[in-house]
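This is what each chain is made of:
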Amino acid sequence: MQILTRVFQGVPTLGWRILLPLVLACFTATVFAQTREVRVGVYQNEPKIFMGADGQPSGILGELLVEIARLEGWRLRPVRCEWQACLDALQAGNLDLMPDVAYSEQRDIPFDFHKVPALLSWSQIYKHPGVNINSALDLRGKRIAVLEGSVQQSYLTSMLAGFGVRAELVPVKSFKEGFELVASGALQAAATNQFFGDSQAPRYRLESTPILFLPSQLFYATASGRNADLLQAIDRRLEEWDTQPNSRYFVILKHWVDTPPQFGVPRYVWWTLAALALALLISVVVAELLRRQVARKTAHIKASEDRLATILNGVDAYIYIKDPELRYQYANRKVCELFGVPMAEVVGKTDAAFFDAASVTKIMANDLRVMQHGERVEEEEVNSSLDGTQKNTYLSIKLPLRNADGSIYALCGISTDISRHKQAEQAIHQLAFYDPLTQLPNRRLLLERMQAALLAHRRDQQCGALLFIDVDNFKDLNDTLGHQLGDELLRQIAQRLTACIRAQDTLARQGGDEFVVMLQGLSASMDEAVQQAHQVADKVLQRLHAPYLLDRQQFNSSVSIGVAMFAPHTSNQDDLLKQADLAMYQAKAEGRNTVRFFDPQMQAVVQERTTIEADMRKGIATGEFLLHYQPQVDGQGRVIAVEALARWKHPTRGLVPPIEFIGVAESSGLILPLGDWVLDTACRQLVTWAALPEMAHRTIAVNVSARQFRQPHFVESVQSALTTTGAPPNRLELELTESLLVDDVPSVVAKMNALKAVGVRLSLDDFGTGYSSLSMLKRLPLDQLKIDQTFVRDLLTDPQDASIVRAIVAMGQSLNLQVIAEGVETQAQYDALLALGCSHFQGYLFGRPAAV
């Protein structure tokens with residue numbers, strides 16, 4: 001910046017205005033030139049990968065890639081393509097990266113993969129409801145959709161040939177196309193991955209079949225020998241996230257799984273385990289027969305044992321045999337790798353040589369059920385190594401091996417390591433039911449506990465209470481000290497609240513700066529229960545009002561608490577939360593840092609607002625609203641403009657005052673359609689007046705709410721109203737409120753400049769009551785300042801109000817802005833404003849709002 005300053009010293013102001021944007025543009029271009037662009041293939045395979053509405057990759061793998069790109073500083077350029085076309089483009093070098101690629105030896109030649117799998121999946125057959133498919137043999141004569149060039153196509157071709165089943169595999173460009181063909185009846189079944197199948201089958205009214213196959217690991221792939229840095233970065237991020245239960249990986253996974261699943265081992269694992277158990281049993285019987293015929297078939301036995309060892313050592317499971325003393329008699333390769341010794345050092349030893357005492361006790365209990373009672377045991381076992389350095393969770397199936405007379409001579413066990421599945425389950429459960437910032441239960445878990453508590457209180461005839469706690473002025477803290485200290489304050493509040501309640505009560509974070517405490521097991525007498533709840537609420541107020549230490553500085557805060565009591569007959573948890581919320585807002589309205597109990601009168605107020613909102617929605621649609629116009633005059637008393645004011649002619653209530661419906665319109669969002677109607681109606685009135693010489697000079701001022709102004713397409717809606725009606729833009733004035741200037745001032749200024757470019761006038765309404773300053777006004781492309789009527793009302797009796805009006809007039813004149821005073825009701829006020837330099841006026845002195 002010092003260099004730029006020296007360069008531009010002595011350059012005239014006009015030169016600055018020309019050269020500076022050029023320099024900044026060059027600088028910006030240089031920065032963006034350094035950003036890594038990554039071309040990504042995106043095909044339609046929900047929910048794993050698809051093109052989002054924002055033009056970026058979406059789905060599980062899409063969002064993971066977007067997050068990695070953000071962290072690595074990449075700029076993604078998504079390329080929409082069909083599956084096979086994506087792979088061809090990747091191999092040809094027209095794409096840098098392709099998500100959702102299952103590893104295979106065949107693909108390992110043209111493509112490179114990272115090391116850590118991004119996702120685990122398997123394939124499954126889905127069928128039309130009218131088709132009977134329960135096994136691979138039922139596929140005979142069927143027409144089955146398969147993704148062209150996919151692993152499902154090659155695998156099913158081999159599988160059907162192995163079973164001797166003749167079926168027609170119909171290649172399709174996408175899974176969606178396959179499901180559409182099956183739903184239409186053109187095909188009988190489709191092969192797809194489990195993620196797409198389970199999420200889309202209900203939409204197409206298809207049914208899953210028991211045919212599962214091809215468990216696979218999914219990766220991001222690059223062309224062979226290219227973009228190795230991309231794969232290294234992906235590996236680094238996946239390894240980092242895998243160790244963090246609250247990482248973005250698990251957040252994204254939870255987002256695409258509607259409800260946290262109860263852990264269940266995929267059905268193909270069970271089929272695999274059952275098949276392995278059956279194969280092992282058959283192998284043991286065969287081995288026993290061969291042993292009895294050792295003299296005649298020694299060579300065959302050796303060959304069979306070698307084949308069996310090859311099979312058992314190639315399986316991704318822990319397979320072992322124990323004798324009646326629970327000593328190992330056989331262990332496959334996986335077991336030996338787990339223990340870190342060869343099989344010769346495993347045989348003859350018990351589990352006490354490899355696991356800690358607690359694990360041995362559990363394993364022995366399950367083994368004895370098999371050896372002593374002949375049970376078939378299926379259990380999850382959590383085993384720790386002897387030195388305590390390794391702890392894994394296994395799904396174990398244990399079977400008794402019997403002699404010809406039925407006696408048990410050994411135990412055969414097959415165990416699968418499900419540690420990663422359990423970690424994922426726990427992480428998803430934590431994300432689904434607990435707040436990551438405070439580790440408190442979230443709203444979902446609170447609602448579950450509330451339902452259980454209401455049932456328990458109905459049974460035990462006890463009362464309870466719900467405390468809705470909201471931190472006072474929390475937004476001010478975030479805006480002044482930053483979100484990091486705001487989060488720290490919420491954590492400390494959570495700790496103090498935890499100390500205020502009993503173990504049987506529930507404390508949850510509702511969201512933002514809101515907490516909820518559910519007090520259970522209060523007195524059966526409602527009066528006594530109210531006193532107990534009041535004591536807890538007072539205790540919370542005192543604890544949370546004490547100073548906090550944030551970044552080595554003391555900070556004071558307070559909360560407002562709303563309390564709703566529930567009796568044994570209370571059953572609706574949503575109503576209970578609404579009542580506590582209403583009471584909390586009443587506490588805020590009465591000064592904050594206080595407690596208020598729900599009063600049925602509050603419900604009546606809410607019901608009235610709900611009725612008004614419903615009537616307004618209908619009234620806007622049926623044309624019950626109309627515009628009244630109040631004149632604005634110059635210093636000679638001539639009408640030069642009018643302000644358009646909405647009025648509501650209710651069919652039963654008559655003319656409803658704005659004070660009764662504007663607030664409801666703001667809070668409900670109806671201010672948007674109402675504001676559009678006002679703007680369109682005012683423009684049509686301008687067109688009518690333009691044809692009358694005595695009225696053509698008048699401007700119509702239209703109030704614009706902050707919510708309406710912040711709509712992304714507000715400028716376009718103003719242009720559309722002017723274009724559609726043919727109204728002259730220079731006769732339309734938009735009155736904006738000072739509340740717009742609270743935040744994002746650059747965006748506000750940009751939108752105002754766009755409106756000025758359209759040709760409309762801009763006025764700042766209620767000036768002097770909000771956030772404006774001289775430095776800010778200099779940045780705003782305004783035409784007029786409007787002095788708020790609160791200053792005009794006491795102008796003659798309050799010298800301070802007179803000084804404020806004088807200052808506003810002087811400020812307007814210095815900025816070459818027109819100044820208008822509203823709320824002028826007496827001649828004395830008018831004369832005083834003239835003396836202070838005000839040139840335009842509005843109020844009952846000149847006319848009340850009236851229809852045209």
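Residues numbered from 1 in each chain as written. Predicted model: local features only at pLDDT ≥ 70, side-chain atom pairs only at ≥ 80, totals over all residues. Heavy atoms only, no water.

## Notes on the pattern of salt bridges
Applying the stated criterion across every chain yields a total of 41 salt bridges. In this structure, E378 engages R376 in a salt bridge whose closest nitrogen and oxygen atoms are separated by 1.9 Å. Residue classification places R376 among the partly exposed positions, given a relative accessible area of 43%. As a salt-bridge pair, K786 and E822 come within 3.9 Å of each other at their nearest N and O atoms. A residue pair is termed long-range when its members are at least 10 positions apart, and K786 in strand β30 (residues 784–787) and E822 in the loop between β31 (818–821) and α30 (827–835) qualify at 36 residues. Exposure class is identical for K786 and E822. Each is buried. (Salt bridge = Lys/Arg side-chain N within 4 Å of Asp/Glu carboxyl O. Buried < 20%, exposed > 50% of the residue type's maximum accessible area, 1.4 Å probe, protein only. Helix = DSSP H or I, 4+ residues; strand = E, 2+ residues; numbered from the N terminus.)

## A look at the environment of P729
Structurally, the position occupied by P729 is in the loop between α25 (714–725) and β28 (732–737). Taking the C-alpha atoms as reference, P729 lies 8.8 Å from Q719; in sequence the two are 10 residues apart.

## Quick word on the layout of surface pockets
Here the second largest pocket defines a volume of roughly 1000 Å³. Lining the second largest pocket are 34 residues, with E643, L645, P658, N703 and D765 sitting closest to its centre. Broken down by secondary-structure element, the contributors of at least two residues to the lining of the second largest pocket are β25 (639–650), α22 (658–668), α23 (671–690), β27 (699–704), β28, β29 (761–767) and α28 (789–793). Class assignment of the residues belonging to the lining of the second largest pocket gives a composition of 13 nonpolar, 12 polar and 9 charged. (1 Å grid on protein atoms, 1.4 Å probe; cavity = no way out; pocket = protein on both sides within 12 Å on 5 of 7 lines; lining within 4 Å. Points joined across faces, edges and corners; volume = space filled by probe spheres on them. Nonpolar A, V, L, I, M, F, W, Y, C, P; charged D, E, K, R; others polar.)

## Topic: the packing of helix α3 (residues 59–72) against helix α8 (residues 228–242)
A pair of packed helices is captured by two measures, namely the crossing angle of their axes and the spacing between those axes. Their axes nearest at 11 Å, the elements α3 and α8 cross at an angle of 105°. It follows from the interaxial angle that α3 and α8 lie roughly perpendicular. Each of L64, E67, I68, L71 and E72 in α3 lies in contact with α8, whose residues at this interface are A233, I234, R236, R237 and W241. The class makeup of the residues in the contact of α3 with α8 is 6 nonpolar, no polar and 4 charged. (Axes fitted to C-alpha atoms, helices over the stretch in contact; angles between N-to-C directions. Parallel < 35°, antiparallel > 145°, perpendicular 65-115°, else oblique. Contact = heavy atoms within 4.5 Å.)

## Some words on the sheet that holds strand β12 (residues 318–322)
Within a beta sheet, neighbouring strands are joined by backbone hydrogen bonds and run either parallel or antiparallel to one another. Pairing is antiparallel in the open sheet, where 5 strands are placed in the order β13-β12-β16-β15-β14. A strand with exactly one partner marks an edge of an open sheet, and here the two such strands are β13 (328–331) and β14 (377–384). Strand-to-strand twist of the sheet, defined as the mean angle between neighbouring strand axes without regard to direction, takes the value 30°. Judged from the 5 bridges that link them, β12 and strand β16 (residues 408–417) form a sheet pairing that is antiparallel. (Pairing = 2+ DSSP bridges.)

## Digging into the confidence of the model for the protein chain
A residue-level look at the protein chain finds 88% of positions with pLDDT of 70 or above and a mean pLDDT of 85. For the stretch residues 1–33, pLDDT sits under 50, and the model shows 9 contacts to residues farther than four places along the chain or on other chains. Segment residues 258–266: pLDDT under 50, and 15 contacts once partners within four positions in sequence are set aside and those in other chains are kept. (pLDDT = per-residue confidence, 0-100.)

## Observations regarding the packing of α25 against helix α26 (residues 745–758)
At their nearest, the axes of α25 and α26 sit 10 Å apart, and the two run at 15° to each other. With respect to α26, the element α25 is oriented roughly parallel. Viewed along their axes, α25 and α26 form a crossing whose handedness is right-handed. Residues F714, V715, V718, Q719 and L722 of α25 form the contact with α26, whose own contacting residues are K751, A754, L755 and V758. Residues that form the contact of α25 with α26 fall into these classes: 7 nonpolar, 1 polar and 1 charged. (Left-handed = near helix turned anticlockwise from the far one by under 90°.)

## Looking at the side chain of K786
For K786, a relative accessible area of 0% gives the class buried. If near-sequence neighbours (up to four positions away) are discounted, K786 is found in contact with Q632, E643, E735, S763, L764, D765, D766, F767, I820, E822 and Q842.

## Section: the packing of aromatic side chains
One pass over the structure, following the stated rule, counts 22 aromatic pairs. A ring pair is formed by Y830 and F841, whose centres lie 4.8 Å apart and whose planes are at 80°; its orientation type is edge-to-face. Pair noted here: Y830 is in helix α30 and F841 is in strand β32 (residues 840–842), with a separation of 11 residues, a long-range link. There is no split in this pair, since Y830 and F841 are both buried. Look at F841 and F846: their rings are 6.2 Å apart centre to centre, the planes differ by 35°, and that puts the pair in the tilted class. Each member of the aromatic cluster is reached from another via a ring pair, and the members are Y126, F175, F179, F196 and Y204. The cationic tip of R444 hangs over the ring face of F433; the distance from NZ or CZ to the ring centre is 5.8 Å. Positioned above the aromatic ring of F709 is the side chain of K751, whose terminal nitrogen or guanidinium carbon lies 5.4 Å from the ring centre. (Phe/Tyr/Trp six-rings, centres within 6.5 Å; stacked < 30°, edge-to-face > 60°. Lys NZ or Arg CZ within 6 Å of the ring centre and 35° of its normal.)

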